[in-house]
Amino acid sequence: MEYKIFTADNFHMYDDEGEDESGTYSTQEEVIAAAKVIVDMSLRWERKQSNNPDDPDELYERYMDFGDSPVIRPDTDPPFSALQYAKSRCADICREQKENEP
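These lines cover the structure that appears in this document, whether it is placed above or below.

Within the protein, the secondary structure is distributed over 3 helices and 3 strands. In sequence order, the secondary structure elements of the protein are arranged as β-β-α-α-β-α. Counting over 102 residues, the protein shows a buried share of 34%. Sequence separation of 24 or more characterises 64% of the internal contacts of the protein that already satisfy a separation of 6 or more.

So, in structure tokens, the structure goes:
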């Protein structure tokens, strides 16, 4: 079975024209790993735009408002949730980015 990722930013979540195909994968493991990379990259970008880049809660709010949200079709089993994954990563992203800044 082939899995595809479609990505739209959360600001245009319900706008079908704002959705881009982001890749095709042959296994659930590959497609979930690729979706996680999209979310992580988006979180890192949103952290840079944040007024308080060390606050995981603010980062999650920014992600929910503006972040890139990958959707896998057909669904994996269990389904991948970009929002749940993002929420679980915000503290780590804030911490790792802070450690890597000069």
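From this point, the narrative continues.
Now for the environment of Glu58. Secondary-structure assignment places Glu58 in helix α2 (residues 56-66). It is 9.0 Å that separates the C-alpha atoms of Glu58 and Cys90, two residues lying 32 residues apart in sequence. In this structure, Glu58 is in contact with Ser50, Asn51 and Asn52, ignoring residues within four places of it in sequence.

Attention now goes to the sheet that holds strand β3 (residues 68-73). Sheet strands associate in pairs through backbone hydrogen bonding, adopting either a parallel or an antiparallel arrangement. The antiparallel open sheet is built from 3 strands, whose spatial order is β2-β1-β3. Of all the strands in the sheet, the pair left with one neighbour each is β2 (20-25) and β3. This sheet shows a mean twist of 25 degrees between the axes of neighbouring strands, independent of strand direction. Across 6 bridges, the pairing between strand β1 (residues 3-9) and β3 is antiparallel. Bridged to Phe6 within β3 is Val71. Of the strands in this sheet, β1, β2 and β3 touch helix α1 (residues 28-49), which is tilted by about 170 degrees from β3.

Our next topic: the nonpolar core. Of all hydrophobic cores here, the largest spans 19 residues; its most connected members are Ile5, Val39, Leu43, Ile72 and Phe80. When sequence neighbours within four positions are dropped, the list of residues in contact with Phe80 reads Ile32, Ala35, Lys36, Val39, Pro70, Ile72 and Tyr85.

Looking now at the packing of aromatic side chains. As enumerated under the stated definition, the model contains 1 aromatic pair in all. A centroid spacing of 6.0 Å and a plane angle of 45 degrees characterise the contact between Phe80 and Tyr85, whose relative ring orientation is tilted. Across the pair, Tyr85 and Phe80 agree in class, each one buried.

Moving on, we come to the packing of α1 against α2. At a minimum axis distance of 9 Å, the contact between α1 and α2 shows a crossing angle of 110 degrees. In terms of their interaxial angle, α1 and α2 are classed as roughly perpendicular. The interaxial crossing formed by α1 with α2 has right-handed handedness. Contact with α1, carried on its side by Val39, Ser42, Leu43, Glu46, Arg47 and Gln49, involves Leu59, Arg62, Tyr63 and Phe66 of α2 and no other residues of that element. For the contact of α1 with α2, the class distribution of residues is 5 nonpolar, 2 polar and 3 charged.

Rules used throughout
Residues numbered from 1 in each chain as written. Predicted model: local features only at pLDDT ≥ 70, side-chain atom pairs only at ≥ 80, totals over all residues. Heavy atoms only, no water. Helix = DSSP H or I, 4+ residues; strand = E, 2+ residues; numbered from the N terminus. Buried < 20%, exposed > 50% of the residue type's maximum accessible area, 1.4 Å probe, protein only. Contact = heavy atoms within 4.5 Å. Pairing = 2+ DSSP bridges. Axes fitted to C-alpha atoms, helices over the stretch in contact; angles between N-to-C directions. Core = buried A, V, L, I, M, F, W, Y, C linked by side-chain atoms within 4.5 Å. Phe/Tyr/Trp six-rings, centres within 6.5 Å; stacked < 30°, edge-to-face > 60°. Parallel < 35°, antiparallel > 145°, perpendicular 65-115°, else oblique. Left-handed = near helix turned anticlockwise from the far one by under 90°. Nonpolar A, V, L, I, M, F, W, Y, C, P; charged D, E, K, R; others polar.

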